[in-house]
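# Residue-level structure breakdown
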Amino acid sequence: MSMLQDHTDATALVARVLAPYGERPGPQDVAALTDALITCGQQLHDALSRTPSRQRLLGTFEALAEWEYFAAVGPLGSGPHANWNHARGLARIIRQLTRALEHPAGASAS
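A short tour of the structure in this document, coming up. As the structure is a computational prediction, the values presented were derived from the model and not from experiment.

Helix and strand counts for the protein come out as four helices and zero strands. Reading the helices (α) and strands (β) of the protein from amino to carboxyl end gives α-α-α-α. Relative to its full complement of 110 residues, the protein shows a buried share of 34%. Summing over all exposed atoms, the protein offers an accessible surface of approximately 6600 Å²; the carbon and sulfur share of this is 56%.

Once that is clear, we can look at the packing of aromatic side chains. Overall, the coordinates contain one aromatic pair when judged by the stated rule. Ring centres 5.8 Å apart and planes at 85° place the aromatic pair Tyr69 and Phe70 in the edge-to-face group. Taking the relative accessible area as the measure of exposure, Phe70 reaches 27% and is therefore partly exposed.

In helix packing, the relevant descriptors are the interaxial angle and the interaxial distance, both defined with respect to the helix axes. Viewed as axis vectors pointing N to C, helix 3 (residues 60-73) and helix 4 (residues 80-102) meet at an angle of 150°, and their least axial separation amounts to 10 Å. As far as their axial angle goes, helix 4 and helix 3 are roughly antiparallel. As helix 3 runs across helix 4, the sense of the crossing is left-handed. Listed contacts from helix 4 to Thr60, Ala63, Leu64, Glu66, Trp67, Phe70 and Ala71 of helix 3 are His86, Leu90, Ile93, Ile94, Gln96, Leu97 and Ala100. For the contact of helix 3 with helix 4, the residue count by class is ten nonpolar, three polar and one charged.

Let us look at the packing of helix 2 (residues 27-49) against helix 4. Here helix 2 crosses helix 4 at 30°, and the two axes come no closer than 9 Å. The angle between the axes of helix 2 and helix 4 places the two elements in the roughly parallel class. In this structure, helix 2 meets helix 4 at a crossing whose hand is left-handed. Contact residues: helix 2 offers Val30, Leu33, Thr34, Leu37, Ile38, Cys40, Gly41, Leu44, His45, Ala47 and Leu48, while helix 4 offers Asn83, Trp84, His86, Ala87, Leu90, Ala91, Ile94, Leu97, Thr98, Ala100 and Leu101. When grouped by side-chain class, the residues that make up the contact of helix 2 with helix 4 number 16 nonpolar, six polar and no charged.

The next thing to look at is the nonpolar core. The biggest cluster of nonpolar side chains holds 21 residues, and the ones touching the most others in it are Val17, Leu37, Ile94 and Leu97. Where this core is concerned, the elements lending two or more residues are helix 1 (3-17), helix 2, helix 3 and helix 4. Considering every element that reaches this core, the biggest residue donor is helix 4, with eight residues. Apart from the residues within four sequence positions on either side, Leu97 is in contact with Gly41, Leu44, His45, Leu48, Ala63, Leu64 and Trp67.

Under the 1.5 Å per step criterion, the end-to-end length of helix 3 is 20 Å for 14 residues, consistent within 8% with the ideal 20 Å. A positive phi of about 80° marks Gly74, the residue just after helix 3.

Rules behind the numbers
- Residues numbered from 1 in each chain as written.
- Predicted model: local features only at pLDDT ≥ 70, side-chain atom pairs only at ≥ 80, totals over all residues.
- Heavy atoms only, no water.
- Helix = DSSP H or I, 4+ residues; strand = E, 2+ residues; numbered from the N terminus.
- Buried < 20%, exposed > 50% of the residue type's maximum accessible area, 1.4 Å probe, protein only.
- Areas by Shrake-Rupley, 256 points an atom, 1.4 Å probe, with all protein chains shown as cover.
- Phe/Tyr/Trp six-rings, centres within 6.5 Å; stacked < 30°, edge-to-face > 60°.
- Axes fitted to C-alpha atoms, helices over the stretch in contact; angles between N-to-C directions.
- Parallel < 35°, antiparallel > 145°, perpendicular 65-115°, else oblique.
- Left-handed = near helix turned anticlockwise from the far one by under 90°.
- Contact = heavy atoms within 4.5 Å.
- Nonpolar A, V, L, I, M, F, W, Y, C, P; charged D, E, K, R; others polar.
- Core = buried A, V, L, I, M, F, W, Y, C linked by side-chain atoms within 4.5 Å.
- Expected span 1.5 Å × (residues − 1).

As structure tokens, then:
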């Protein structure tokens with residue numbers, strides 16, 4: 001999968017998960033979205049981890065650490081609300097990881 005396709009998929013996934021709370025899907029859909037977020041986020045994490053430190057945006061290190069924590073710990077609490085909040089947290093971190101890949105430090109703006 002190309003980086004452009006990864007970015008498009010990540011952006012669409014994040015938009016779906018960060019929809020208004022009233023649009024929260026059912027528990028099975030939240031679980032499927034969470035699985036997709038973890039797969040997508042891990043790919044972004046791995047890509048950024050291979051990027052030399054000097055080329056990472058300020059805040060990238062924090063986003064990488066947050067990803068590792070949120071992906072490992074899982075939802076805080078139990079039930080649909082905790083699972084949905086966890087998915088939304090993952091989506092926010094993916095948004096940060098995507099931005100960091102889009103705009104590496106030291107890249108010239110055109």
